[in-house]
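# Secondary and tertiary structure notes
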Amino acid sequence: MTKANGAYGAHATSEPLKLRSFRGLRGLIVLVGLIVCLVSCSSDSPADIIEEPQDPPVTGTAIAFAADKQQEQMITRSTGLEEQGVTNFKVWGYKNMTYNDNDGYGGLQTVMNGYTVKWTANSAATTTTNSCGWEYVNQQPIGEEEQTIKYWDYSAKAYRFFGVAGADDTHKVTGKLDALTNTYKVTYKADAENEADNPYYSKLWLNDINENSSHTVQLEFIKPLSKVRFSFIFENPDDAKDTELTGKTFCPSDGNTIKMKGDVTVSYPLTGTTDKEQFAASSEAGGMTAFTQDYYATCSEEGGKVISPYLNADKTQTGKVYTVLPAPAGQSSYTMTVSVNGDPKTAVVPAQFMTWMPGYEYTYVFKIHIDGSVTIDNVQTAFTQWIEHSKDDYTIYNW
């Protein structure tokens, strides 16, 4: 386990032919708290929701949001959402009242059914439910049911929370509880061509709770997008200055397009033994025909000057990374076509390396050999940071 600053696109020390993943990234907001999201969600009908009985007495411990991560006894905390201009968000919370080894968690009850949380500067510690500027009590939209204080129920077997942040009229979010499967599904449109406009969704937070346990709820928010880049290296590095690479295309071998837009659905299990959300994407017909610009560094390690990675490389096209719609169900193999000093060459990346998950960056490294042939040398996977953490270190897990 290592510590790292929050710059996007950082990879752990590269080691050939290893896949790895970072938790923390620009595409992901770690909101240590009951994070919620600004969304236009459909209201669930009473028949869809298993309503919680009367709240515990006011002498209980209220669910709240806190900012200072040194305050270990705070119930929840958030990091940096308001710094990105997101000042409204929604959260869904449930608790399980039963558990057995065969069926897992059961006895589902609602805690927060799409509660709206709003940020107000300089409002921290003004109420028992506002520890760092975020408030959910009485923050409901006009015409909706009053949002009341919620307290931890220590007789519950587990709590689970999830949310969405940053939705608007263009990217409307719909959510509905499937009472047959006890799964809550969140659906909205993703658009890789307008990265900043896409709402975030969170991973499922599931944990037991008791009077002696930590009260921190940590949600990780992710953009429903993936990032892809490709680059070239040389078997003999000295050959780079005399080798021209032109006509570069990296595309699906089956003639399909690289998808940029579509509907995404995140399914959150509320009972049973499953402890992770499921992500699915349904793409539109259009898309890109191919990736055509390779990635190379913007400057040298010494002197800070741009250096061509090969003969006549375009110095205005450094640092190229493509943002695309995820492909969680997989896709065909991809074929790299490139002319090496005018001689066309190809290399194929097997389909097993072309599954793209949201929040991840995939780097495909091709090697130019001494005889001019081209092969796939390395596939690197990194969980990217979509939002920089400007104040706090964050933990990166490597595996």
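Source: prediction; values computed, not measured.

Criteria and thresholds
Residues numbered from 1 in each chain as written. Predicted model: local features only at pLDDT ≥ 70, side-chain atom pairs only at ≥ 80, totals over all residues. Heavy atoms only, no water. Pairing = 2+ DSSP bridges. Helix = DSSP H or I, 4+ residues; strand = E, 2+ residues; numbered from the N terminus. pLDDT = per-residue confidence, 0-100. Contact = heavy atoms within 4.5 Å. Axes fitted to C-alpha atoms, helices over the stretch in contact; angles between N-to-C directions. Core = buried A, V, L, I, M, F, W, Y, C linked by side-chain atoms within 4.5 Å. Buried < 20%, exposed > 50% of the residue type's maximum accessible area, 1.4 Å probe, protein only. Polar contact = N/O pair within 3.5 Å; in protein donor to acceptor, adjacent residues only side chain to side chain. Salt bridge = Lys/Arg side-chain N within 4 Å of Asp/Glu carboxyl O. Phe/Tyr/Trp six-rings, centres within 6.5 Å; stacked < 30°, edge-to-face > 60°. Lys NZ or Arg CZ within 6 Å of the ring centre and 35° of its normal.

## Some words on the pairing of strand 4 (residues 88–100)
As defined by bridge partners, strand 4 adjoins strand 5 (residues 104–119) across four bridges and the pair is classed as antiparallel. If you follow Y99 over to strand 5, its bridge partner there is Y105. Hairpin connection from strand 4 to strand 5: three residues lie between these consecutive antiparallel strands. As paired strands, strand 4 and strand 7 (residues 158–165) are joined by eight bridges and run antiparallel to one another. Paired with G93 across the bridge in strand 7 is F161.

## Let's talk about the pairing of strand 5
In this structure, strand 5 lies alongside strand 6 (residues 134–135), joined through two bridges in antiparallel fashion. Across the sheet, K118 pairs through a bridge with E135, a residue of strand 6.

## Concerning the confidence of the model for the chain
Chain-level statistics for the chain give a pLDDT mean of 77 and a share of 71% at 70 or above. Confidence, expressed as mean pLDDT per element, reaches its minimum in the chain at strand 22 (residues 394–396) with 28 and its maximum at strand 14 (residues 245–252) with 98. Every residue in residues 386–399 scores below 50 in pLDDT, and together they form 65 contacts with partners more than four places removed in sequence or on other chains.

## Some details on the sheet that holds strand 15 (residues 261–269)
Spatial strand order, 8-9-15-16: four strands in an open sheet with antiparallel pairing. Edge positions in the sheet fall to strand 8 (174–178) and strand 16 (278–283), since each has one partner strand and no second. Sheet twist, expressed as the mean angle between neighbouring strand axes with direction ignored, is 20°. For strand 8 and strand 9 (residues 183–191), the ladder comprises five bridges, and the chain directions are antiparallel. By the bridge assignment for strand 9, D178 is matched with T183.

## What to know about the nonpolar core
With 56 residues, the main nonpolar core has F250, F291, W356, Y364 and F366 as its most contacted residues. Among the elements that make up this core, the one with the highest residue count is strand 20 (residues 360–368) (five residues). With residues up to four places along the chain from it excluded, the contact list for F366 reads F230, S231, F232, I233, F250, M336, A347, V349, V374, T375, I376 and D377.

## Structural notes on the sheet that holds strand 19 (residues 343–349)
What holds strands together in a sheet is hydrogen bonding between their backbones, with the strands either parallel or antiparallel. On the basis of which strands lie adjacent, the open sheet formed by three strands has the order 14-18-19 and antiparallel pairing. With partners counted over all chains shown, the strands left at the sheet margins are strand 14 and strand 19, one partner each. Pairs of neighbouring strands in the sheet enclose a mean axial angle of 15°, with direction left out of account. Looking at chain direction, strand 18 (residues 334–340) and strand 19 are connected through seven bridges and run antiparallel. Directly across from M336, in strand 19, lies its bridge partner A347.

## Here we look at the environment of T127
Locating T127 in the fold gives a position in the loop between strand 5 and strand 6. Put simply, T127 and V137 are 10 residues apart on the chain and 9.5 Å apart in space, counted from C-alpha to C-alpha. Within the structure, the side chain of T127 is placed 2.6 Å from the side chain of E135, a separation counted as a polar contact.

## Notes on the side chain of T271
Checked against the element boundaries, T271 lands in the loop between strand 15 and strand 16. Residue classification places T271 among the buried positions, given a relative accessible area of 18%. Sequence-distant contacts of T271, defined by excluding residues within four places in its chain, comprise N96, Y105, G106, L108, R160 and N182.

## Regarding unusual backbone geometry
With the exception of glycine, most residues fall at negative phi, and the peptide bonds are largely trans. The backbone of N138 sits at a positive phi, close to 60°, despite the residue not being glycine. Among the secondary structure elements, N138 is positioned in the loop between strand 6 and strand 7. Overall, N138 belongs to the partly exposed group, its relative accessible area being 44%.

## A short note on the pattern of salt bridges
Overall, the coordinates contain eight salt bridges when judged by the stated rule. Ionic pairing is found between K189 and D263, a salt bridge with its closest N-O pair at 3.1 Å. Pair noted here: K189 is in strand 9 and D263 is in strand 15, with a separation of 74 residues, a long-range link. Take K189: its relative accessible area is 45%, and that puts it in the partly exposed class. For D263, a relative accessible area of 31% gives the class partly exposed.

## Description of the packing of aromatic side chains
Counted under the stated rule, the structure contains 24 aromatic pairs. Ring centres of F250 and F291 lie 6.3 Å apart, and the angle between their planes is 40°; on these two criteria the pair is classed as tilted. A residue pair is termed long-range when its members are at least 10 positions apart, and F250 in strand 14 and F291 in the loop between strand 16 and strand 17 (322–324) qualify at 41 residues. Summarising the aromatic geometry, the rings of F291 and W356 are spaced 6.2 Å apart at their centres and angled 45° between planes, so their arrangement reads as tilted. In this pair, F291 sits in the loop between strand 16 and strand 17 while W356 sits in the loop between strand 19 and strand 20, placing the two residues 65 residues apart along the sequence. Cluster of aromatic residues (ring-pair linked, three or more members): F230, F232, F250, F291, Y322, Y334, W356, Y364 and F366. Positioned above the aromatic ring of Y200, the side-chain terminus of K223 is 4.4 Å from the ring centre. Directly above the ring of Y295 sits R229, whose terminal nitrogen or CZ lies 4.1 Å from the centroid.

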